[in-house]
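# Residue-level structural notes
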Amino acid sequence: MTAGTTETRARYFYWRDLQSRWQDGDPYGHVNNVIYYSWMDALLTAMLIEKGVLRNPDWRGIGLCVESGCQFLAPVTFPEVVQGGLRVGRIGNTSLRYDIGMFLPGRETPAAVGFFVHVFVDPDSRRPVPIPDTLKARMRELGLPAA
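A brief report on the enclosed structure follows. The structure displayed is predicted, hence computed values, not measured ones.

### So, the overall build of the chain
A tally of regular secondary structure across the chain gives two helices and five strands. Counting helices and strands in the order they occur from the N terminus, the chain gives β-α-β-β-β-β-α. At 16 Å, the chain has a C-alpha radius of gyration in line with the 15 Å of a compact globule built from 147 residues. Along the first, second and third principal axes, the C-alpha set of the chain runs to 45 × 35 × 25 Å.

Structure representation (structure tokens):
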């Protein structure tokens, strides 16, 4: 996310619905902050599997989360569906940054915005490995156009 940029649905390119559960609530009546990280991880992992970055028979790289964050902007309660939107914010040689927005149905601005950074490593040595160009191209499809 860029400082000063208003996040809207139009800035995200991969979507999944995520259901709040009764057990997700905290004593204040809204979904607890740790649940947002679970939703972001589920959204991100589903995308990576669908795009062939994970579980790819031609590439053994695995993504290790080296940084993450979340900004909470509006409460989510039970029972509500959250629409998770994702875009690829940065493509490095061995890393990807994903920007994630959590939206309530019918709302253009997010209830939360977050990010994850993965460094891809060899599963045995745990040393960074380059992301193949074919996978980088798939990730570019989910990024904002260059300014």
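### Considerations on the packing of aromatic side chains
Inspection of every chain in the model, using the stated rule, returns seven aromatic pairs. When the ring of Tyr-12 is compared with that of Phe-103, the centres are 5.7 Å apart and the planes differ by 70 degrees; the resulting orientation is edge-to-face. With a gap of 91 residues between them, Tyr-12 in the segment before β1 (14-19) and Phe-103 in strand β4 (residues 95-103) connect regions that are remote in the sequence. Classification of Tyr-12 as buried rests on a relative accessible area of 4%. Between Tyr-36 and Trp-39, the aromatic rings sit 5.4 Å apart at their centres with planes inclined by 65 degrees, giving edge-to-face as the arrangement. Taken together, the residues Tyr-36 and Trp-39, both in helix α1 (residues 33-50) and three residues apart, mark about one turn of the helix. Accessibility assignment for this pair places Tyr-36 and Trp-39 in one class, buried.

### Structural notes on the side chain of Asp-122
When you line up the elements, Asp-122 lands in the loop between β5 (112-121) and α2 (133-140). In contact with Asp-122, other than residues within four places in its own chain, are Arg-60, Arg-127 and Val-129.

### Side note on the sheet that holds β1
Backbone hydrogen bonds are what pair the strands of a sheet, in a parallel or an antiparallel way. The antiparallel open sheet is built from five strands, whose spatial order is β1-β3-β4-β5-β2. Where the open sheet ends on each side, the last strands, each with one partner, are β1 and β2 (62-72). Along the sheet, successive strands turn relative to each other by an average axial angle of 25 degrees, direction set aside. Two strands pair when backbone bridges link them, and β2 and β5 are joined in this way by 10 bridges, in the antiparallel orientation. Bridge assignment links Leu-64 to a residue of β5, and that residue is Val-119. Together, β1, β2, β3 (81-91), β4 and β5 form the strand contacts of α1, whose direction differs from that of β1 by roughly 135 degrees.

### Section: α1
With 18 residues, α1 should cover 26 Å at 1.5 Å per step; its first-to-last C-alpha distance of 27 Å lies within 8% of that length. Turning to α1, its buried residues are Ile-35, Tyr-36, Trp-39, Met-40, Leu-43, Leu-44, Ala-46, Met-47 and Leu-48. Against the buried residues of α1 lie β1, β2, β3, β4, β5 and α2. Regarding α1, its N-cap is Asn-32, as a side-chain oxygen of that residue lies 3.1 Å from the backbone nitrogen of Val-34 further along. The first or second residue beyond α1 is Gly-52, which carries a positive phi of 80 degrees.

Reading guide: rules and limits
- Residues numbered from 1 in each chain as written.
- Predicted model: local features only at pLDDT ≥ 70, side-chain atom pairs only at ≥ 80, totals over all residues.
- Heavy atoms only, no water.
- Helix = DSSP H or I, 4+ residues; strand = E, 2+ residues; numbered from the N terminus.
- Rg over C-alpha atoms; globule rule 2.2 N^0.38 Å.
- Phe/Tyr/Trp six-rings, centres within 6.5 Å; stacked < 30°, edge-to-face > 60°.
- Buried < 20%, exposed > 50% of the residue type's maximum accessible area, 1.4 Å probe, protein only.
- Contact = heavy atoms within 4.5 Å.
- Pairing = 2+ DSSP bridges.
- Axes fitted to C-alpha atoms, helices over the stretch in contact; angles between N-to-C directions.
- Expected span 1.5 Å × (residues − 1).
- Polar contact = N/O pair within 3.5 Å; in protein donor to acceptor, adjacent residues only side chain to side chain.

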